[in-house]
Amino acid sequence: MSTRIEWSQVWVIASKEWRDRLRNRWVLAVAVIFALFALAIAYFGAAQQGEVGFHGVDATVASLVSLVIYLVPLIALILGYDAIVGERERGSLELLQSMPITRAEILLGKYLGLAGALAGATVVGFGAGLLPLSAELTVRDGYHYAGFVLSAVLMGMAFLSISVLLSVIASDRVRASGAAIGLWFFYVLIFDLLLMGALVMSQGNLSSALFGAILMLNPADVFRLLNIFSSEQVQTMYGLSTVMPGALTNPLVLLAIMLAWIVVPFFIAIRRFK
């Protein structure tokens with residue numbers, strides 16, 4: 001397989017994936033969902049305390065982080081699970097591979113098109129959700145919220161890479177879809193339960209270095225930590241600063257780990273794509 005990438009062919013495939021998502025209103029639907037949740041949490045997040053109204057970006061981001069960890073990985077996994085196996089079952093993959101285009105270009109084009117749709121829906125949705133409250137935001141609030149949205153986009157791309165890898169190695173769409181849902185359950189629901197169980201069984205003797213290293217094995221936890229350690233107020237809400245090793249409280253280190261979660265599964269997918 002040639003290592004040279006013809007970007008014009010990559011963009012043709014990427015633009016087709018993007019247009020397909022626009023035609024079936026997928027991007028619009030996800031953006032509307034994100035916007036409604038962002039607005040509802042920003043305005044009604046303190047309703048349990050008998051108050052309504054915007055109470056600051058830190059509290060809003062802390063609430064949105066928990067929501068995004070459930071929604072974005074699920075959307076990303078569903079979006080990419082049939083990117084390759086679906087084309088293979090429909091017979092269109094053989095036609096595509098018969099053309100003067102490499103497997104890397106096919107996979108990169110599909111990934112970029114899907115990632116563009118996911119990123120567009122995330123940015124537009126969460127941006128529109130807070131737009132009615134923009135008059136109450138300071139410049140610092142704007143940067144903080146933009147960082148949250150960027151981290152949500154990166155987490156989505158990480159799970160999309162995992163989903164594309166799954167689509168490459170799956171034998172059919174049914175198995176791919178089942179595995180995608182299974183991965184969502186594992187990373188979002190089961191992983192942290194297992195980690196808490198390990199902490200209890202070790203009677204608190206699990207070292208902070210090992211605890212932090214295990215958390216890095218889950219891109220959803222990397223996303224959570226990115227947002228926790230980007231704000232002192234959010235840190236106090238979660239209380240993880242005392243149990244995390246110092247290196248893993250650095251947002252730049254966490255960002256590098258998130259980028260690795262995007263690159264490594266995609267690279268493996270290219271190597272496995274046949």
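Residues numbered from 1 in each chain as written. Predicted model: local features only at pLDDT ≥ 70, side-chain atom pairs only at ≥ 80, totals over all residues. Heavy atoms only, no water.

Draft legend 1. Focus on the environment of Lys16. In this structure, Lys16 sits in helix α1 (residues 7-23). For the pair Lys16 and Leu114, spaced 98 residues apart in sequence, the C-alpha separation works out to 9.7 Å. (Helix = DSSP H or I, 4+ residues; strand = E, 2+ residues; numbered from the N terminus.)

Draft legend 2. A look at the packing of helix α7 (residues 139-169) against helix α10 (residues 219-228). At a closest axis distance of 10 Å, the pairing of α7 and α10 adopts a crossing angle of 170°. By the angle between their directions, the pair α7 and α10 is classed as roughly antiparallel. Across the interface between the two elements, Phe148, Ser151, Ala152, Met155, Ala158, Phe159 and Ile162 from α7 touch Pro219, Ala220, Phe223, Leu226 and Asn227 from α10. A per-class count over the contact of α7 with α10 returns ten nonpolar, two polar and no charged. (Axes fitted to C-alpha atoms, helices over the stretch in contact; angles between N-to-C directions. Parallel < 35°, antiparallel > 145°, perpendicular 65-115°, else oblique. Contact = heavy atoms within 4.5 Å. Nonpolar A, V, L, I, M, F, W, Y, C, P; charged D, E, K, R; others polar.)

Draft legend 3. Representation of the pattern of salt bridges. The full count for this structure, using the stated rule, is ten salt bridges. A salt bridge links Arg173 to Asp82; the shortest N-O distance between them is 3.4 Å. Of the two residues, Arg173 sits in helix α8 (residues 173-201) while Asp82 sits in the loop between α3 (57-80) and α4 (85-90), which places them 91 residues apart along the sequence. We classify Arg173 as partly exposed; its relative accessible area is 29%. (Salt bridge = Lys/Arg side-chain N within 4 Å of Asp/Glu carboxyl O. Buried < 20%, exposed > 50% of the residue type's maximum accessible area, 1.4 Å probe, protein only.)

Draft legend 4. Local environment of the nonpolar core. In terms of nonpolar packing, the biggest core is built from 86 residues, with Trp26, Leu107, Phe126, Tyr145, Phe148, Met216 and Phe223 touching the most fellow members. Per element, the largest residue contribution to this core is 16 residues, and it comes from α7. The contacts of Trp26, once residues within four sequence positions are left out, are Arg21, Ile75, Leu79, Ala117, Leu118 and Ala121. (Core = buried A, V, L, I, M, F, W, Y, C linked by side-chain atoms within 4.5 Å.)

Draft legend 5. Expanded view of the packing of aromatic side chains. Scanning the entire structure with this criterion turns up eleven aromatic pairs. Measuring from ring centre to ring centre gives 4.7 Å for Phe34 and Phe126, while their planes differ by 10°; the resulting arrangement is stacked. Of this pair, Phe34 sits in helix α2 (residues 26-44) while Phe126 is found in helix α6 (residues 103-130), placing the two residues 92 residues apart along the sequence. Overall, the relative accessible area of 1% leaves Phe34 in the buried class. Judged by relative accessible area, Phe126 falls into the buried class, the value being 1%. Ring plane angle 50° and centroid distance 5.1 Å describe the contact between Tyr111 and Phe266, whose orientation is recorded as tilted. Taken together, the residues Tyr111 in helix α6 and Phe266 in helix α12 (residues 251-272) connect sequence positions 155 residues apart. Taken individually, Tyr111 and Phe266 each receive the classification buried, so the pair is uniform in this respect. (Phe/Tyr/Trp six-rings, centres within 6.5 Å; stacked < 30°, edge-to-face > 60°.)

Draft legend 6. Structural detail: the environment of Ser167. With respect to the secondary-structure elements, Ser167 resides in helix α7. Ser167 gets classed as buried once you look at its relative accessible area, which sits at 0%. Each C-alpha atom, one on Ser167 and one on Ala83, is 6.1 Å from the other, the two residues being 84 residues apart in sequence. At 2.9 Å, the side chain of Ser167 forms a polar contact with the backbone oxygen of Tyr81. (Polar contact = N/O pair within 3.5 Å; in protein donor to acceptor, adjacent residues only side chain to side chain.)

Draft legend 7. Spotlight on the packing of α3 against α7. Running from amino to carboxyl end, α3 crosses α7 at an angle of 20°, the nearest separation of the two axes being 8 Å. When the axes of α3 and α7 are compared, the pair comes out roughly parallel. Taken as a pair, α3 and α7 cross one another with a handedness that is right-handed. (Left-handed = near helix turned anticlockwise from the far one by under 90°.)

Draft legend 8. Spatial organisation of the confidence of the model for the protein chain. Predicted confidence across the protein chain gives a mean pLDDT of 85, with 88% of residues reaching 70 or more. The least confident element of the protein chain, judged by mean pLDDT, is helix α11 (residues 232-238) at 53; the most confident is α12 at 94. Across residues 46-50 the pLDDT falls below 50, and counting only partners more than four positions away or on other chains, this stretch makes two contacts in the model. (pLDDT = per-residue confidence, 0-100.)

Draft legend 9. Seen up close, a nonpolar patch on the surface. Together, Ile78, Ile181, Phe185, Phe186, Ile190 and Leu194 line one region of the surface with nonpolar side chains, adding up to about 500 Å² of accessible area. Among the elements that make up the nonpolar patch, the one with the highest residue count is α8 (five residues). (Patch = residues over 30% accessible without salt bridge, like charges linked within 9 Å, V, L, I, M, F, W, Y side chains within 5 Å. Areas by Shrake-Rupley, 256 points an atom, 1.4 Å probe, with all protein chains shown as cover.)

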